[in-house]
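# Examination of the molecular architecture
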Amino acid sequence: VTTAYIGQPISRLDGPAKVTGKAKYAFEYDVPNVAYAYVVSSSIARGRIKRIDATAALQIPGVLQVLTHENTARVAPAGEIVDDARSPGAPFIPLQGDEVLFNHQPIALVVAESFELARYAASLVRIDYDAADHATDLKAASGRAYVPKPRGFLPPTPKPRGDAAKALAAAAVHIDVEYTSPAEHPNPMEPFATTVVWEGDGKLTLYDKTQGVQNVQGYLCSVFGYSKDDVRVLSPFVGGAFGAGLRPQYQAFLAVLAARALKRSVKLSLTRQQMFSLHYRPFAWQRVALSAAQDGKLDAIVHEAITNTSRFEDYSEQIVPWSGLLYQCENVRLDNRVTKLDLNTPGDVRAPGASWGVYALECAMDELAVALRMDPVDLRLKNYADRDQIDRRAFSSKSLRECYRLGTERIGWGRRTSNPRSMRDGNTLVGMGMATGAWDAFQVPASARCVLNTDGTATVSSATEDIGTGTYTVMTQIAADALGLPIDRVTFKLGDSELPEAPLEGGSFTVSSVGSAVRAACEKARARMVANEQRGGKATVIDEQASTMPSPRRKEASCCCHSAVFAEVRVDEDLGTIQVARVVTAVAPGRVINPRTARSQVMGGIVWGIGMALEEESVIDQTFGRIMNHSFGEYHVPVNADVHDIDVIFVEEQDEIVNPLGAKGLGEIGVVGVAAAIANAVFHATGKRVRDLPITLDKVM
Amino acid sequence: VSSAVHAVTSEPGAMFIAGGTNLIDLMKENVARPPHLVDITRLPLNRIEDLPDGGLRLGALVTNADTAYHSAVEQRYPILSRAILAGASAQLRNMATNGGNLLQRTRCYYFYDTSTPCNKRDPGVGCSAINGFNRIHAIFGTSDQCIAVHPSDMCVALVALDAVVRVTGKDGDRAIPFADFHRLPGDTPQVDTNLRPGEIITSIDLPRNGFADHYAYLKVRDRTSYAFALVSVAAALEMDGDTITETRLALGGVAHKPWRNVDAEAMLNGIKATKDHFDAVGEAIVRSAKGFGHNTFKIDLARRAVVRALQHAAKVARTGRNA
C-alpha cells in the first residue's frame, strides 16, 4: 500500500458543495405535498398535563392535526427500544403519557400546511397542568447522589489503590478543592430536523440530522415495529452535532408519528429555543485532593464527582478515571456518582467525562504546583506515567513528554515568571497556564464496501457520518491509497442506512474504525482486480465488502491520545475582561491522515475550550426549573473576536497497535485540558482561583 | 408618513415594521402578537442631512450601519459611530434602522419567555427577575414591577449628545428631548417610551456639538462581539488644556432607559481631568445604584467603567484611537 494521499493536507472534498449551497441538510429536501410540524413544549419542569385544548388551533384553515398523548398510541416498551447510545432506564419518548418529566418537554405536535401556520397554531394550544415540586439544582440534590448503573459500553469506575486518606493525612503538601461546572448545550449551527418522505407503500425515507443513520433506523423499527426494509434513513450532510446527534432525537420520532397519522410526508425542525431541550453536558461538582512530597512526587489522589441525570435514566460519564490513569501515584481513590434532577437526560457531548474530569484534575495539579512552589510542567514530568496507571499496561504509544517540550518551546514558557500577578502590561495582567489532555483511542467494529468499476473509478461506502469532521475527505484518501488510484477517481458515500454497517459517528473512533474497514474492503477489491489481471481476465466490476473488528494487538496495550495545552491570557485589572491571547496545543495522535482537517478539528476543540472556560453556561431558574438563556443571544459561545492566536502542533507517533492505520482520532482531544489551561492562566495573571465555570468577568474583577 | 400613521391608527394593535430585527424575534417568541403590520421601509425617511444650526438630522429609516459609517457622523459625532458599531452584529446593523434602535424592547430572559410571569408582558402578574436570575438586569431606576434593561448602545451615545427625537402623529409633529424619550418602569413597565399611540419617529436630530475631540464609548460585556452590555459608558468632554469645561456621561445596560446623570456631570466642570476627580464621579454615580443579587457586581463595574471611560475621553484627540 502506498501512502500517496494519507498524510497530505487535502482540502475538504465536500467543501465546494457546502459553500455553494448544493449540500442539502435534513430540512432542505424538496418533497411534494409535504406538511409541516411544530413542537409544543412544556412550560413546567414536573407534574401532569391536566388538559390540552387544541380547539382554537384546529379551527384555523390549513391546520391538519394536533397530536397529543391523548390521541397517540403507545409504542414499544422501554426494554425493547434500540439505541446504541442509551443509558440504563426508560428512554423518554414523547406523547406517551400525561407526565411532564422536564421543562421544554415536547407535549404536543401541530401539523399544518406551512411552517408558519403550524408555529402560529402551536401558540394557540392551551395546556393546563398539575404542577409538582421539582428539583433542578445539582448542589441541593447532591445529598441523594448514588453510584449509577453502568452504561454497557463503559468500564466501571476503577477500584481504589493504596490508602489515599492515610496518605493525604500524612502529606508534606496537600490541596483539597472543589470545582463546579454548569450544563452546556452543544448547539450545533444546524437545528435538529427531520424530513419524512411518505413513500405510499407504508415505507418511509427519512432525511434526519443524526450521528448514526442506522441507529435512527434501528430505533424507529423498534419503536413502531417496522422492519429495516421499511425505513431508510439518510444524513449525507450534518451541520455539526457534537454528541447531540448520537441518540435518535425526538423530532425524528414526532415527524414519523405525524407522517403515519396523516399518511403524508412531513418536515419538522426544532427552534433554537427547543434545542435547549436536547442532551447536554451535565452539571458537575467535583472534589480533587492531591498530596505530594516536597520534591513533587504525588502521594495521593482523591477525585470525586457528582453529575446530574434525569428521573428516568442513569446517564453517567467517565469523569474520574483520568485521575487514576495519567500520573504515577500509589494511593488513589476515585468516586463517581449521579443525582436525579427534573431535567432531560444529559448526554455525551464532545469529550464526555474528560472535559469535566481533566479540567478539575489539571486545575488541581496547578494548585498543587503553586503549593509546592514548583513549575507546573515540572510537576507533570515528575509524575509522568509510561504505563496506564489503572491497568498497568504499557501505552501503545505516548509522546506526551515531547508534547510538553514542544508546547513550552512554542509558547515561550521560559518568559513566564512564577508568581501570580507578576507579568503585567499597563493595566493588563498577563498570565500563562498549562494543562495535560487525554482521550481514549478507541476502535470499534465497522464495515465498508468497495466497488471497482471497469472505467477505473471506485465507489467506496459505509453508513458512517461526516458531522463536519472531514470523514468524506479522509476516507477517500484512505481508499485511494489502498486502491492505488488517483483521488479524483474515488467517490466515498456515507450517511445512508442501506450502506454497510458503521458505528455511531462519535468518540473519536470514526477514522480508526471505519477507516480500517474502508482500507480492508479496498485491499480486498484491489487483490481481486490484480488476480483477475494476472489471469488475463476481462475487465469486470469488482464488488467487495469487509468488516473489521478492533485490532487484536490492542489487548497488549492501553490506547490513548495525549496533549499538552498552553494558554496565555490578558486580563483587564479593573474591568475583569479576559482575552485568551494565545493557545498552543501539542497533540500526539498517532498518525495524521490529513493535517488540514486534523488541524481544523483541534482548533475547533480549542475554541470549545475557550467557551467552556469563559462563556458557556445553561442557566436554570430554580423557581421554574427552566433554562432561561435559551437563545444564541444569551447563551454565549465564542465569537471570532474572542479567538486569537491558536497554534496546533502534531507530534506524530508510529503506532502499530492502536489499529492498522495507526491513527488515534482527533474529534475530542482538542477540547480536553483547554479550560484548565485557561483557568490556570487566569490564576497566574490575577492571583484569583476561580473554581466555578465559566470564569466571567464578575468573578475576577 | 401621514398615510402610515393613518394605516397604523385605523387597525387596533397594528404596529410599524422597518428592519424587523427586534419585532420579528418578539413575534417568534409570541411576546408581540400584532394583528397587522404596517411596512414603513419605503417612506422617505432614509437620509442624513445637515441642519441649519450646524447639527445633523438622522433619518429614522437610515440603517444603523449606514449611520455609523456616514462621514459626517464619523467626523463630527465619533462617539455615536463607536456606540453603534459596539452593538449587535454586522448583519443586524445592516438591517436595523435608527428609529427601530430606539424602540427595541428591554432585555430580560423572562420577558422573552412566555412561560414565566412578567409584568411587562402581562401587567400585574409579577416580576420573575427580581428574585430570579438577574445577572443582566438593572441597577438604576428600577421599580418593584420591573428591573429589565434597555439594550441599545446607540441610545447611550444619543442621550449623551442631547439628541432630539422628532415624531409625527395624528395630532401633528413634536420633538422629544432624548432623555425624555424612554421611561423608567415605575408602575407601568409595559410602556417603554413616551411615544403616543400611532406616532412614528421621523428623525433623530443631533445638536451642533458632537464632542469629537474628547470622547469614549466603553462597552463591557461577556464576550467581545454580539453581546449586550453588562455596563457601557458614553463619556464626552469639552476641555481647555487640562481643564474640563463640559461633561456628558451616560450609561447603558444598567437601567430601563439609557442612564444619564447630570449631577455627576456637573461635578467635573471647571476642574482638572485627573484620576482622583474621575474616581469621585464614579462613586457619585453609583451612589443611587441597587443590586438584586446576581447583578450586584454591576455597581462596582459601573463605577470602574465610568473612570476608565473618562480617562480615555480626556486623553483621546480627534484622530486618536479610543476604547
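Before reading on, note that the structure itself is shown above.
Residues numbered from 1 in each chain as written. Chains lettered and ligands numbered in written order. Predicted model: local features only at pLDDT ≥ 70, side-chain atom pairs only at ≥ 80, totals over all residues. Heavy atoms only, no water.

### Here we look at the overall build of chain B
Broken down by element type, chain B carries 11 helices and 11 strands. Expected size for 323 residues packed as a compact globule is a radius of gyration near 20 Å; at 19 Å, chain B falls within 12% of this value. Buried residues in chain B amount to 56% of all 323 residues. For chain B, contacts bridging at least 24 residues in sequence account for 63% of all contacts bridging at least 6. Within chain B, the 33 negative side-chain charges are centred at a point lying 4 Å from the centre of the 36 positive side-chain charges. (Helix = DSSP H or I, 4+ residues; strand = E, 2+ residues; numbered from the N terminus. Rg over C-alpha atoms; globule rule 2.2 N^0.38 Å. Buried < 20%, exposed > 50% of the residue type's maximum accessible area, 1.4 Å probe, protein only. Contact = heavy atoms within 4.5 Å. Lys, Arg positive; Asp, Glu negative; His and termini not counted. Charge placed at Lys NZ, Arg CZ, Asp CG, Glu CD.)

### Examining the interface of chain A and chain B
Contacts between chain A and chain B engage 33 residues on the former and 33 residues on the latter. Between chain A and chain B the total buried area reaches about 2,700 Å² when both faces are included, carbon and sulfur atoms providing 57% of it. Between chain A and chain B we count five salt bridges in total. Ionic pairing is found between D572 of chain A and R308 of chain B, a salt bridge with its closest N-O pair at 2.7 Å. For the side of chain A that touches chain B, the secondary structure elements donating two or more residues are helix 3 (115-123) and helix 16 (697-700) of chain A. Broken down by element, the residue count for the side of chain A that touches chain B peaks at three residues, all from helix 3 of chain A. Tallied by class, the residues present in the side of chain A that touches chain B amount to 13 nonpolar, 10 polar and 10 charged. (Buried area = accessible area lost by both parts, 1.4 Å probe. Salt bridge = Lys/Arg side-chain N within 4 Å of Asp/Glu carboxyl O. Nonpolar A, V, L, I, M, F, W, Y, C, P; charged D, E, K, R; others polar.)

### Points about the pairing of strand 21 (residues 560-572) of chain A
Residues and elements named next belong to chain A. Taken across its 13 residues, strand 21 has 12 buried, putting it largely inside the fold. Bridge count for strand 16 (residues 428-440) against strand 21 is 13 bridges, and the pairing is antiparallel. Looking at strand 21, one finds that A435 is bridged to V565. Direction of pairing for strand 21 relative to strand 22 (residues 578-588): antiparallel, over a ladder of 10 bridges. Looking at strand 22, one finds that A567 is bridged to V583. Between the end of strand 21 and the start of strand 22, which pair antiparallel, lie five residues, with G576 showing a positive phi angle near 80 degrees. (Pairing = 2+ DSSP bridges.)

### Here's the deal with the pairing of strand 20 (residues 542-548) of chain A
Residues and elements named next belong to chain A. Taking every second residue as pointing to the same face, the buried face of strand 20 carries I542, E544, A546 and T548, while none of D543, Q545 and S547 on the other face is buried. With seven bridges joining them, strand 17 (residues 446-452) and strand 20 adopt antiparallel strand pairing. Residue pairing for strand 20: R449 is matched across the bridge by Q545.

### Overview of the environment of V164 of chain B
Residues and elements named next belong to chain B. Mapped onto the elements, V164 comes out in strand 5 (residues 164-169). Residue V164 is classed as partly exposed on the basis of its relative accessible area of 27%. When the C-alpha atoms of V164 and P207 are compared, they prove to be 8.1 Å apart, with 43 residues separating the residues in sequence.

### Remarks on the pattern of salt bridges
Once their charged atoms are close, side chains differing in charge can pair, the charge on each being opposite to the other. All names here are of chain B. The tally for this structure, following the rule as stated, stands at 61 salt bridges over all chains. Here D192 and R105 are joined by a salt bridge, their closest N and O atoms 2.6 Å apart. A residue pair is termed long-range when its members are at least 10 positions apart, and D192 in the loop between strand 6 (172-177) and strand 7 (200-206) and R105 in the loop between helix 7 (98-102) and helix 8 (154-160) qualify at 87 residues. D192 sits in the buried class, given a relative accessible area of 10%. On the basis of relative accessible area, R105 is assigned to the partly exposed category, the value being 23%. Taken together, the shared-partner salt bridges in this structure form one network comprising D162, E246, R248, R260 and E265.

### Brief notes about the sheet that holds strand 15 (residues 423-425) of chain A
Adjacent strands of a sheet form backbone hydrogen bonds with each other and so pair up, either parallel or antiparallel. All names here are of chain A. Read across the sheet, five strands follow the order 15-16-21-22-25 without closing on themselves; strand pairing throughout is mixed. Every interior strand has two partners, whereas the edge strands, strand 15 and strand 25 (645-650), have only one. Put simply, the sheet's adjacent strands are angled 25 degrees from each other on average, direction ignored. Of the strand pairs in this sheet, strand 15 and strand 16 are connected by three bridges, and their pairing is antiparallel. Pairing of M423 across the sheet is with V430, part of strand 16. (Axes fitted to C-alpha atoms, helices over the stretch in contact; angles between N-to-C directions.)

### Thoughts on helix 3 of chain A
All names here are of chain A. For helix 3, the set of buried residues is A118, A121 and A122. Seen along its axis, helix 3 keeps its buried residues to an arc of 105 degrees; they face one direction. Check the buried side of helix 3 and you find it contacts strand 1 (34-41), helix 2 (55-58), strand 3 (63-67) and strand 5 (106-112). (Arc of directions from axis to C-beta.)

### Topic: the packing of aromatic side chains
Under the counting rule described, the total for this entry stands at 24 aromatic pairs over all chains. Consider the rings of F140 of chain B and W259 of chain B, whose centres lie 5.0 Å apart with planes at 10 degrees: the pair is stacked. A residue pair is termed long-range when its members are at least 10 positions apart, and F140 of chain B in the loop between helix 7 and helix 8 and W259 of chain B in strand 11 (residues 259-260) qualify at 119 residues. The structure contains a cluster of three or more aromatic residues connected by ring pairs, namely W322, W439, F442 and F509 of chain A. (Phe/Tyr/Trp six-rings, centres within 6.5 Å; stacked < 30°, edge-to-face > 60°.)

### Quick look at the packing of helix 9 (residues 354-372) of chain A against helix 15 (residues 674-686) of chain A
Residues and elements named next belong to chain A. Running from amino to carboxyl end, helix 9 crosses helix 15 at an angle of 30 degrees, the nearest separation of the two axes being 8 Å. In this view, helix 9 runs roughly parallel relative to helix 15, as classed from their interaxial angle. Crossing handedness for the pair helix 9 and helix 15: right-handed. For the pair formed by helix 9 and helix 15, the contact residues are V358, Y359, E362, C363, D366 and V370 on the first element and A675, A676, A679, N680 and F683 on the second. Tallied by class, the residues present in the contact of helix 9 with helix 15 amount to eight nonpolar, one polar and two charged. (Parallel < 35°, antiparallel > 145°, perpendicular 65-115°, else oblique. Left-handed = near helix turned anticlockwise from the far one by under 90°.)

### Overview of the environment of Y25 of chain A
Residues and elements named next belong to chain A. The topology assignment puts Y25 in the loop between helix 1 (15-19) and strand 1. Separated by 213 residues in sequence, Y25 and V238 place their C-alpha atoms 6.4 Å apart. Those residues in contact with Y25 that lie beyond four places of it in its chain are K18, E190, F237, V238 and G239.

### A word on the side chain of E544 of chain A
All names here are of chain A. Examined against the element boundaries, E544 turns out to sit in strand 20. A residue is classified by how much of its surface remains accessible, and E544, at 13% relative accessible area, is buried. Within the structure, E544 has its side chain in polar contact with the side chain of R528 (distance 3.1 Å). Here E544 is in contact with A448, R449, C450, A521, K524, A525 and R528, once residues within four sequence places are set aside. (Polar contact = N/O pair within 3.5 Å; in protein donor to acceptor, adjacent residues only side chain to side chain.)

### What about unusual backbone geometry?
Residues and elements named next belong to chain A. The linkage connecting L693 with the following residue, P694, adopts the cis geometry, with an omega of -5 degrees. Summarising the element assignment, P694 is placed in the loop between helix 15 and helix 16. The phi angle at N187 is positive, at roughly 45 degrees, despite the residue not being glycine. Within the fold, N187 resides in the loop between strand 7 (173-181) and strand 8 (193-198). The exposure class assigned to N187 is buried, which follows from its relative accessible area of 9%.

### Quick look at the nonpolar core
Side chains of a nonpolar character, in soluble globular proteins, are inclined to be buried together. Residue and element names in this part refer to chain A. Counting 97 residues, the largest nonpolar core has L290, Y359, L368, V569, I678 and I695 as its most contacted members. Broken down by element, this core gets its largest block of residues, 12 residues, from helix 9. With residues near it in sequence (within four places) discarded, I695 still touches I578, A613, L614, A679, V682, V690 and V700. One finds A37, M475, A479 and I593 within the second-largest nonpolar core, a separate group that totals 81 residues. (Core = buried A, V, L, I, M, F, W, Y, C linked by side-chain atoms within 4.5 Å.)

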